[in-house]
Amino acid sequence: MAPEEMGKVSYRMRLVFAVCSLLFVATLAVSPVKDLLREWKHYKRGYLNLARSRPDTKRLIADFRPDLDQIWIPEMNVVDRCTSCHQGITQATLADANVPQPYRAHPPIPHRVKEWGCTPCHRGQGAATEVAEAHETTLAWEQPILPGRYLEGACGSCHRDARPETPKLNRGRQLLESHNCAGCHHLQDIQRAAMPGPDLTNVGTKVSRAWIYKWLKEPRTVLDDTGSVKVNGYEMEESPRMPQFRLSEKELTNLSAYLSSLRSHPVAPYKFSPAVLAQWSKRPDVVDQGELRFRQMFCSTCHSFAVTRAGETKMIGGEIGPELTKVASKVNPDWLVAWLLNPQAYLPHSKMPRYEWSEADLYKVTRYIQAKLTDSDLLSTVPQLGEPAKDEIAEGKKTFLEKGCSSCHAIEGMPPQKDFGPDLSALGSKNVSQLEFGKSTIPRNLISYIQSKITDPSSVNQAARMPQYNFNAADLDAITTALLAMTGPPPTSALQKLTVPRPNPQFRPAGEFAQVYERYQCADCHKFNGFGGDLAPDLTYEGSRAQRQWIDSFLKSPQTLRPTLIFRMPQFNMTDREAAILADYLSMVMQSPDVRPGSLNVKDLTPAQAALGKQLYEVKYQCQSCHTIGSGGGYVGPNLNNAGNWLKPEWVAAWLANPQALIPGTIEPQRSMTPQEIKAITAYLMTLRQGGGKAAQKKAAVQGMSRGGNGVAGQ
């Protein structure tokens, strides 16, 4: 090439250079344009436009930043950028439903959003900056945000205790416990019951083979198309603890043979004395007298049964014990008498109290049950089974083990099958890829998987041993929420500190009180220092509230203090010594630190103070709106006719000053009374006294029963 041509560039080269330059400039322009069009920046601009259109613009954009918002919680290993789009989440003026999402303010919650972010509660991918990546399942992130109706499941990851803000989660945990799911599965913070199901060691002495067959085939209360209860004499619950197993006819036959053969400890027939038989066996009204005694003892506090009124059959009574509508068609007569005499002799962990029956009462009540609580058609559809053969018994025992029945039921000499089902303690944190959907056509997500496993296990796994449950929609969602809350143990010590443990209250009395306490199963209905049931009043501070003599009298003859309540403390027929033991313990031990014993003496209260207190009670504070005195007043609070014999004056004064300090959550309003007013009303209430005596107490109890006013004794 000539020297003069070396500095020249050909046209083609120039064209190539120009095209490359344009491509390079276009490539460089893609990055800022792409950044400008990012979703989070689009929502940032949208928030600015919204803020500028409102009168409080200055306040809405006071802390606005055009770049990414990020919350970092190292203790939880959380990086949360959700507020980059949800800009108005903490602005109270944007709480109106007309404000478009994602700018609407979050409803008030105990946590500060600016400190906690969104993902600890809503889950999802907090580090994402696009809606799909943050909210949905992607190839890189398998845990989407929780749908709104399951949001309480996230609360349960840290809050293992029951909180008023999480009613659905609380309900789900209760259902998991009451249905004995821990009998087969390991569940986070849910302990396996000491006796998930009845001990079957001696079940052949209790029920017939025909009844066992019927129960295994249909262990539930039947509902018709409208949802109305069809009483079947088994158990009154929407979904009883005993689930529906998919059993073939052969399995039903073999299982009924095996279970009916279990008679390790035969029940000896009880021999009534000749005097009782001579007095009652030929009386035409023995059944009616038995029904009267049955009702006087308020068995319906724990047991439900069907009654027909105006042509309509409905269930009445409690759900602590099984339904009794057709119990006589279920149990053998000899077993029934032995059970009423001593339930713990058959089931050591039974909740049924051991009553002090008189022999005459025992005879009358059992005759009533056998005559009236029965149904001759109950077992009419059961095939003729006959005496069980050896091969049927052997096959039945094999089926019993294969179905995992010993996970819930004890049989003498048979070891329990613990963790029969898979471990569910970390189910809520599982990715979709960790779940086995089989050939199921359900949506591939954790919630669909959980609900399908509960309602139809075979739809997910044809070989599933899990029985089928029939929960209503609300309870199914509650159980799903509780399982979503089970995310396993905290992965770090820092996260462990954020976990609110589930309380484990203990109450272990000793001595003579413990014997009486256990005999009458007091904790099934009452709480003691946080331990026990919630059907009846908490007795933790009963010694500060009630006078010792009143407690003793009430235990021997319970009276209605709240006539409108459904349930009533049963008539246990306690001995004088048993009542005295309970009354002494409650009076001396169950004391409130906020009530100083003897701080107010009735002798120091004057008639003038009582007169002023009566005026304050009736006129200024109108306490009669909720409480009854004489024949007038409301029924929201307890009857105060006998307050002077019942309540301690120091308790009344402390209660009037601050009822919530003594019983948190009570509906009694705090009136901000002056000390003089408190003393005056206390003086008035201490003048309210009724005549006593066992005859009067018994009459009051019978009258309360006959009016249908079964109330729980309480504050």
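Conventions used here
Within every chain, residues take consecutive numbers counted from 1 along the sequence as written. Only residues with pLDDT of at least 70 get local features here, since the model is predicted, and only at 80 or more are side-chain atom pairs given and counted; chain-wide, interface and lining totals rely on the full set of residues. Working from all heavy atoms in the structure, the side-chain values ignore hydrogens and water. Only DSSP runs of H or I with at least four residues qualify as helices, and only runs of E with at least two residues qualify as strands; both kinds are numbered from the N terminus onward. The globule rule used here is 2.2 Å times the number of residues to the 0.38 power, and the radius of gyration it is set against is calculated over C-alpha atoms. For each residue, the accessible area found with a 1.4 Å probe, counting protein chains only, is set against the maximum for its type, and the residue is called buried under 20%, exposed over 50%, and partly exposed in between. Note that accessible areas follow from Shrake-Rupley with a 1.4 Å probe, and for residues the cover is restricted to the protein chains shown. The positive count covers Lys and Arg only, the negative count covers Asp and Glu only, and His and the chain ends enter neither. Lysine's charge is taken at NZ, arginine's at CZ, aspartate's at CG and glutamate's at CD. In this description, a nonpolar core means a group of buried Ala, Val, Leu, Ile, Met, Phe, Trp, Tyr and Cys residues linked to one another through side-chain atoms lying within 4.5 Å. Domains are outlined according to an automatic or database domain assignment. By the convention used here, residues are in contact when the closest approach between their heavy atoms is within 4.5 Å. Aromatic contacts are taken between Phe, Tyr and Trp rings whose centres are within 6.5 Å, Trp giving its six-membered ring; a plane angle under 30 degrees counts as stacked, one over 60 as edge-to-face, and the others as tilted. By definition here, charges over rings are those cases where NZ of Lys or CZ of Arg is within 6 Å of the ring centre and within 35 degrees of the ring normal. Strands pair, by our definition, only if DSSP identifies at least two bridges between them. Helix axes are fitted only over the stretch in contact, all axes being lines through C-alpha atoms; the angle between N-to-C directions runs from 0 to 180 degrees. Should an angle lie under 35 degrees it is considered roughly parallel, over 145 roughly antiparallel, and from 65 to 115 roughly perpendicular; all remaining angles are considered oblique. In this classification, Asp, Glu, Lys and Arg are treated as charged, Ala, Val, Leu, Ile, Met, Phe, Trp, Tyr, Cys and Pro as nonpolar, and every other residue, Gly included, as polar. Helices are assigned an expected span. That span is 1.5 Å times one less than the residue count. Here, a salt bridge means any side-chain nitrogen of Lys or Arg that lies within 4 Å of a carboxyl oxygen of Asp or Glu. A patch consists of residues exposed above 30% relative accessible area that lack any salt bridge, with like charges linked at up to 9 Å and nonpolar side chains (Val, Leu, Ile, Met, Phe, Trp, Tyr) linked at up to 5 Å. In plain terms, two cysteine sulfur atoms within 2.5 Å form what is called a disulfide here. Known as pLDDT, the predictor's per-residue confidence is scaled from 0 to 100.

Digging into the overall build of the chain
Counting its secondary structure elements, the chain contains 29 helices and 10 strands. In terms of overall size, the chain is more extended than a compact globule, its C-alpha atoms giving a radius of gyration of 34 Å where 715 residues would be expected to give roughly 27 Å. Within the chain, the proportion of its 715 residues that are buried is 46%. Carbon and sulfur atoms make up 56% of the accessible area of the chain, which totals about 38,000 Å². The averaged location of the 70 negative side-chain charges in the chain is 2 Å from the averaged location of its 82 positive side-chain charges.

With respect to the nonpolar core
Judged by nonpolar contacts, the single largest core of 106 residues is most densely connected at L216, L259, I369, F400, F513, F528 and L685. Mapped onto the domain boundaries, this core takes at least three residues apiece from domain 4 (203-372) and domain 5 (511-702). Those residues within four positions of L259 in sequence are excluded, and the remaining contacts are L200, V203, G204, I212, L216 and F400. The next biggest cluster of nonpolar side chains, apart from the first, holds 32 residues, and it includes L146, Y150, I454 and Y469.

Some words on the packing of aromatic side chains
With the rule as written, the count across this model stands at 25 aromatic pairs. Between Y355 and F572, the ring centres sit 5.2 Å apart and the planes meet at 45 degrees, which makes this aromatic pair tilted. Taken together, the positions of Y355 in the loop between α14 (343-346) and α15 (359-372) and F572 in the loop between α22 (548-556) and α23 (576-589) put the pair 217 residues apart, joining distant regions of the chain. According to the relative accessible area criterion, Y355 is buried, its value standing at 8%. Judged by its relative accessible area of 7%, F572 is buried. Plain terms: the ring middles of F437 and Y449 are 5.5 Å apart, the flat faces sit at 70 degrees to each other, and that makes the pair edge-to-face. Pair noted here: F437 is in the loop between α16 (390-402) and α17 (446-455) and Y449 is in helix α17, with a separation of 12 residues, a long-range link. Taken as a pair, F437 and Y449 share a single burial class, namely buried. Each residue in the set F507, F513, Y517, F528 and Y585 is aromatic and connected to the rest through ring pairs, giving one cluster. If you follow K44 out to its NZ or CZ, it ends over the ring of F64, 5.2 Å from the centre. The ring of F420 has R465 lying over it, and the distance from NZ or CZ to the ring centre is 4.1 Å.

What to know about the pairing of strand β6 (residues 312-317)
Across 6 bridges, the pairing between strand β5 (residues 304-309) and β6 is antiparallel. Of the residues in β6, the one forming a bridge with T308 is T313. Linkage of β5 to β6, two consecutive antiparallel strands, is achieved through a turn of 2 residues, within which A310 is found at a positive phi near 55 degrees.

Section: the domain arrangement of the chain
Segmentation of the chain into domains returns domain 1 (3-36), domain 2 (39-145), domain 3 (167-192 + 420-498), domain 4 (203-372) and domain 5 (511-702). Centre-to-centre, using C-alpha coordinates, domain 2 lies 52 Å away from domain 5.

So, the packing of helix α8 (residues 167-178) against helix α18 (residues 473-484)
Packing of α8 against α18 brings their axes to within 7 Å, and their N-to-C directions diverge by 90 degrees. Classified by the angle their axes make, α8 and α18 are roughly perpendicular. Taken together, the residues of α18 that come into contact with α8 (itself represented by K168, L169, R171, G172, R173, L175 and L176) are D475, D477, A478, I479, T481, A482 and L483. Classifying every residue of the contact of α8 with α18 by side-chain character gives 7 nonpolar, 2 polar and 5 charged.

What to know about unusual backbone geometry
With an omega dihedral of 10 degrees, the bond running from Q101 to P102 counts as a cis peptide bond. Structurally, the position occupied by P102 is in the loop between β2 (78-80) and α4 (113-116). With a phi angle near 60 degrees, R123 is a residue other than glycine that sits in the positive phi range. By secondary structure assignment, the location of R123 is in the loop between α5 (119-122) and α6 (131-135). Here R123 falls in the buried class, since its relative accessible area comes to 15%.

Looking at the packing of helix α10 (residues 249-260) against α16
Between α10 and α16, the least distance of the axes is 7 Å, while the angle of their chain directions is 100 degrees. Between α10 and α16, the crossing angle belongs to the class labelled roughly perpendicular. Across from E251, T253, N254, L255, A257, Y258 and L259 in α10, the residues of α16 making contact are E392, I393, E395, G396, K397, T399 and F400. Its residues placed into classes, the contact of α10 with α16 shows 6 nonpolar, 4 polar and 4 charged.

Digging into α18
Across its 12 residues, α18 extends 16 Å between first and last C-alpha, which sits within 8% of the 16 Å expected from 1.5 Å per residue. The buried count for α18 comes to 10 of 12 residues, which makes it a mostly enclosed element.

So, the side chain of E152
Following the sequence through the fold, E152 ends up in helix α7 (residues 152-158). No salt bridge is formed by the buried E152; the nearest opposite charge belongs to K168, separated by 6.3 Å. Discounting chain neighbours no more than four positions away, the residues touching E152 are E165, T166, P167, K168, L169 and T481.

Some details on a nonpolar patch on the surface
Where nonpolar side chains cluster on the molecular surface, the patch consists of Y11, L15, V19 and L23 and spans about 450 Å² of accessible area. Residue position: L23 is located in helix α1 (residues 11-36).

Here's the deal with the pattern of salt bridges
Applying the stated criterion across every chain yields a total of 29 salt bridges. D69 is paired through a salt bridge with K44; the nearest N and O atoms lie 3.3 Å apart. Of this pair, D69 sits in the loop between α3 (57-60) and β1 (71-73) while K44 sits in helix α2 (residues 39-52), placing them 25 residues apart in sequence. K44 shares its class with D69; the two are buried. Notably, a salt bridge pairs E618 with K614, separated by 2.9 Å at the nearest N-O pair. Remark: K614 and E618 occur in helix α24 (residues 607-620); sequence separation between them is 4 residues, near one turn of the helix. One network of salt bridges, in which partners are shared, links R548, D552, K556, D576 and D584.

What about the environment of K453?
Locating K453 in the fold gives a position in helix α17. Each residue touching K453, except ones within four places of it in the same chain, is listed here: V460 and M466.

Focus: the state of the cysteines
One pass over the full model with this rule turns up 0 disulfides. Not engaged in a disulfide, the cysteine C522 finds its nearest cysteine sulfur in C525; these two sulfurs lie 8.8 Å apart.

Structural notes on the confidence of the model for the chain
The predicted model of the chain has a mean per-residue pLDDT of 85, with 90% of residues at 70 or higher. Note that pLDDT drops below 50 for residues 693-715; the model gives that stretch 58 contacts with residues more than four away or on any other chain.

Observations concerning the environment of I190
Following the sequence through the fold, I190 ends up in the loop between α8 and α9 (209-217). Note: C-alpha distance between I190 and N180 (10 residues apart in sequence) is 9.6 Å. Leave out the neighbours within four places in its chain, and I190 touches R173, L176, E177, A182, M486 and R502.

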